[in-house]
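# A look at the structure
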Amino acid sequence: MYQVPVASVAKSLTRKDSEADGMPAAHEILPATSPRPRASLRLIATSDLHASLMPYDYRADRPNANLGLGAIALQIAEARGEARNCLLFDNGDFLQGNPLADYAATTRRRRAHPVITAFNTLGYDAATLGNHEFDYGLRFLSGVLADASFPVVSANVATRLGKSASRDETLVPPFAILRRQIIDHDGHAHLLRIGVIGFAPPQIAEWDRNTPEGSIQTRDILAAARAWLPRLRACGADIIVALAHSGIGETDPEEGSENAATALAALPEIDALVAGHSHRVFPGTDFPASPAIDPVRGRLAGKPAVMPGHSANHVGIIDLQIERFTCGPRRWRVVDASARIGQRSADRALSTPALHQALAPDHRATLAWSRRQLGETAVALHSHFATIAPSAALSLIAEAKIDHIRVALAGTRWAGLPLLSSASPFRAGGRGGPENFTEVPAGPLRMRNLSDLYPFPNTLVTLLLTGAEVADWLERATAVFHQIAPGSVDAPLRDDAVPSFVFETIPQLSYAIDLSQPPRFDGQGSLVNPEARRITGLCHGGHPLAATDRFLLVTNNHRAGRARLQDPAARQKVVFTDGARVQSVFSAHVQRKGIVGAPPERNWHFLPMPGTMATFPVGPGAAPYLADIASYRPEPLARDEEGFTHYRLHL
Ligand code: MN
Ligand code: MG
């Protein structure tokens, strides 16, 4: 086994402090005649770690050497070992995503948050906030960040917005200037000031509107960048790195865009950029080439950029060649750059004793917490076919939500309205890979299963909707399917570009989905085909829904926020929210009932398309459950390199 003592990984850069400094020291003024010093500077970045730290699958309760930050610590250590001058960054979405995170967020601890412990141990230089840092409220977040021994920056998340972006009261500092001693190619030392600025998707103001302890406000990423970048330069930043928890996106995005990394990279002050949020890999084949995007060399708008996947499956490495060119406020410039992605590999498993030792108490506590039994399920709860057939797992989540709201609304003026409850699969293959499915066998239900069935700390939100709005809610869900031409053979059914959580089903309604129609809404929820309808025969209690009927829909804060962003004109009415988390409501439901789970009612189906066959990717764990989709007469066709077996379904 290859051993790298993480704590002793030589930091080639000598830390000064992270405060902005004044003018360059006198000894650094460069004689005009001498050749310009050159140095290399390596930037290493992780993004969207989602609390994946240890080589352990807590949901399945078994070790997995392929998981966690430790699995790419070898790449990080090697990348550091090769470079004289090196900085390590994280790009956000580190606090949420697995039972370790759930444990850390819901249990009182005296220790630092395990993710911060990991970052401190590996010597991260700076980080930014992603959308999921806000999942547990602001008080939790500020407590977590208090233990970080590195700056955490975000320029467009504010506790109060000012008249202009530069007057915003940002939640954390908008930027930091890291002062580091670097060694040039001739072995001479120089002081380099690296400006680090961070950005998060402005949508968090909507997504996390109903989380505890009030809300934050956000500013358009580019507006914030334009306001703060000159300030960063004025503070003496020689090189500026943008940590953008944002997808790659267009050169000229709409105001408030979630994916603004390309446009950000085009700003003249930015020298290098880390993108994230969409969990893709860049440079690489995830992105087609365009004038602004060079997926081979790793350039966005000509600047070196990386997007390092998610859950520590990749690490981004940017190498800058810098040259000292002036004695002015900016003394160094980038003269050459390269960007690449390092991939973890289980066969080069690395022991990272310092990291694992530092995390040992949290690991043990998470194991104990995640093994606690809540009750029992009478049937297997899985997501293998949750987008193509009714699912016992989704029905159970919907039932738990509706039970909570029924009690909460008893005796109020809303009590008489029909209650609907939606649920969607969060782990259902797709970009997460063939292992990315929920699977709980019949038998004991434990905390770790809860994190599997409902991995997000969303809260319940109850909306008042008309029959027409309910129909559109389901239309939005069907954006996960491609349009299937009648009579066609083996066209792919699932559009992997649309995340599975978009597929909200409502077990209290019955309906059919007509795949021969184009989607009425796209994956973002925008109306794209106003004439099209995929939902047909929509009924409640056996009666067709009238457009003006009124319903209460229990959904979550994330979906409600999305809907509000998509259609602000709808004046969506939030009837009730008590901040209860779906996870807590679910665990209370299981503990109250003791035994839960039943075969799902067949409340929805695809409208039959005789003679039409489509393909659907199935993970290796699905074999025991194929009977659930027997009506499609599934036939295995081929296994792809990722490990999905593509089945032919007879529609
Ligand atoms: Mn993420
Ligand atoms: Mg994100």
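This report concerns the structure included in the present document. Given the structure is predicted, the values throughout are model-derived calculations rather than measurements.

Attention now goes to the sheet that holds strand β25 (residues 419-421). Ordered in space as β25-β33-β28-β34, the four strands form an open sheet in which the pairing is mixed. Each edge of the open sheet carries a strand with a single partner, namely β25 and β34 (573-576). Across this sheet, the average inter-strand angle for adjacent strands is 35°, counted without regard to direction. Bridge analysis of β25 against strand β33 (residues 550-556) gives three bridges, and the strand direction is parallel.

Attention now moves to the coordination of the magnesium ion (ligand 2). Within the first shell, the magnesium ion (ligand 2) binds the protein through Asp93 (OD), Asn131 (OD1), His245 (NE2) and His277 (ND1), at distances of 2.1 to 2.2 Å. Each donor residue of the magnesium ion (ligand 2) lies on one chain, and together they are spaced D-x37-N-x113-H-x31-H.

Using the criterion set out here, one finds 24 salt bridges in the structure. Between Glu323 and Arg38 there is a salt bridge; the shortest N-O distance is 3.0 Å. Of this pair, Glu323 sits in strand β20 (residues 314-324) while Arg38 sits in strand β3 (residues 38-46); the two residues are 285 residues apart in sequence, bridging distant segments of the chain. The buried category is assigned to Glu323, whose relative accessible area is 8%. The partner of Asp286 in a salt bridge is Arg280, and the shortest N-O contact between them spans 4.0 Å.

Protein-derived coordination of the manganese ion (ligand 1) comes from Asp48 (OD), His50 (NE2), Asp93 (OD) and His279 (NE2), at a distance range of 2.1 to 2.3 Å. Separating the manganese ion (ligand 1) from the magnesium ion (ligand 2) is a gap of 3.3 Å, bridged by Asp93, which donates to each. With His50 in the loop between β3 and β4 (56-57) and His279 in the loop between β15 (272-274) and β16 (281-282), this pair connects stretches of sequence that are 229 residues apart. Residue classification places His50 among the buried positions, given a relative accessible area of 9%.

This part takes up helix α1 (residues 70-82). In an α-helix, one full turn covers 3.6 residues, which means residues spaced three or four apart are oriented alike. Taking 1.5 Å as the rise per residue, α1 with 13 residues should run 18 Å; its terminal C-alpha atoms sit 19 Å apart, in good agreement. Across the 13 residues that make up α1, a large majority, 10, are buried. Those residues of α1 not exposed but buried are Gly70, Ala71, Ile72, Ala73, Leu74, Gln75, Ile76, Ala77, Ala79 and Arg80.

Time to look at helix α3 (residues 114-122). The element α3 is extensively covered by neighbouring structure, given that seven of its nine residues are classed as buried. Taken as a whole, α3 has its buried residues at Pro114, Val115, Ile116, Thr117, Ala118, Phe119 and Leu122. The inward-facing, buried residues of α3 abut α1, β6 (86-90), α2 (99-106), α4 (138-145) and α8 (353-370).

Consecutive side chains along a regular strand alternate between the two faces of the sheet. Counting buried positions along β33 yields six of seven residues, so the element is predominantly enclosed. Pairing geometry for strand β28 (residues 460-466) and β33, over seven bridges, is antiparallel. Considered in β33, the bridge of Leu460 is made with Asn556.

Reading guide: rules and limits
- Residues numbered from 1 in each chain as written.
- Chains lettered and ligands numbered in written order.
- Predicted model: local features only at pLDDT ≥ 70, side-chain atom pairs only at ≥ 80, totals over all residues.
- Heavy atoms only, no water.
- Pairing = 2+ DSSP bridges.
- Helix = DSSP H or I, 4+ residues; strand = E, 2+ residues; numbered from the N terminus.
- Axes fitted to C-alpha atoms, helices over the stretch in contact; angles between N-to-C directions.
- Donors = N, O, S within 2.8 Å, 3.2 Å for Na, K, Ca; no water.
- Salt bridge = Lys/Arg side-chain N within 4 Å of Asp/Glu carboxyl O.
- Buried < 20%, exposed > 50% of the residue type's maximum accessible area, 1.4 Å probe, protein only.
- Expected span 1.5 Å × (residues − 1).
- Contact = heavy atoms within 4.5 Å.

What is shown is where atoms sit, not what they do.
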